[in-house]
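Tertiary structure, described
As a plain string of letters, each chain reads:
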Amino acid sequence: MSNEFEAIWQTHPVIGLYCEPKRIIHPEVGLVELYGQTLLDPDQSQALMIFTAQPGSESYERLNLISVIGVQRHRSPSPPPRT
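What you are looking at is a predicted structure, and each value in this text was computed from that prediction instead of being measured. (Residues numbered from 1 in each chain as written. Predicted model: local features only at pLDDT ≥ 70, side-chain atom pairs only at ≥ 80, totals over all residues. Heavy atoms only, no water.)

**Remarks on the overall build of the chain**
To keep it simple, the criterion reads: Only DSSP runs of H or I covering at least 4 residues are called helices, and only runs of E covering at least 2 are called strands; the numbering of each starts at the N terminus. Buried, partly exposed and exposed residues are distinguished by accessible area as a fraction of the type maximum, computed with a 1.4 Å probe on protein chains only: under 20%, between the cut-offs, and over 50%, respectively. Only heavy atoms matter for contacts: two residues are in contact if any of them lie within 4.5 Å across the pair. Calculation of accessible area relied on Shrake-Rupley with a 1.4 Å probe; when residues are assessed, cover is drawn exclusively from the protein chains displayed.
A count of helical and extended segments in the chain gives two helices and four strands. Each helix and strand of the chain, ordered N terminal to C terminal, gives the series α-β-β-β-β-α. Put simply, the chain has 83 residues, and 13% of those count as buried. Excluding contacts between residues fewer than 6 apart, the proportion of contacts in the chain whose partners are at least 24 apart in sequence is 35%. Entry remark: accessible area of the chain is about 7,200 Å², with carbon and sulfur atoms responsible for 57%.

**Some thoughts on the side chain of Ser57**
On the secondary structure map, Ser57 appears in the loop between strand 4 (47-52) and helix 2 (58-74). Using a relative accessible area of 18% as the deciding quantity, one classes Ser57 as buried.

**Concerning the nonpolar core**
This is how it is decided: By convention a nonpolar core is built from buried Ala, Val, Leu, Ile, Met, Phe, Trp, Tyr and Cys residues, the set being connected through side-chain atoms within 4.5 Å.
In this structure, Val29, Val32, Leu34, Ala53 and Ile69 together form the largest nonpolar core, which totals five residues. Contacts of Val29, omitting those with residues within four sequence positions, involve Arg62, Leu65, Ile66 and Ile69.

**What about the pattern of salt bridges?**
Cut-off, in case you're wondering: When a carboxyl oxygen of Asp or Glu is within 4 Å of a side-chain nitrogen of Lys or Arg, the pair counts as a salt bridge.
Applying the stated criterion across every chain, the model contains two salt bridges. One salt bridge in this structure joins Arg23 and Glu33, with 2.8 Å as the shortest N-O distance. Residue Arg23 is located in strand 2 (residues 22-26), and its partner Glu33 is located in strand 3 (residues 30-40); the two are separated by ten residues in the primary sequence. Between Arg62 and Glu58 there is a salt bridge, with its nearest N and O atoms 2.9 Å apart. Of the two residues, Arg62 and Glu58 both sit in helix 2, four residues apart, roughly one turn of that helix. With a relative accessible area of 25%, Arg62 lands in the partly exposed category. In this structure Glu58 comes out as exposed when scored by relative accessible area, which is 58%.

In structure tokens, the structure reads:
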């Protein structure tokens, strides 16, 4: 762990505890309920929103499935052999 990261982690620049749950309807897996946190850099000039699902929940499983679907879609098939 870098010294800079450790210093930032110690100050916990987080806005509030969590935002209200977000309910997203994914066209292939259905309803996914996510909880968010906002992390700020020390100057508060940038914010990073992190959304996660409660481990063990249906939303957690659906979120994992979305990650698999995304990887499968982005794999390009091998080009046909040249003749």
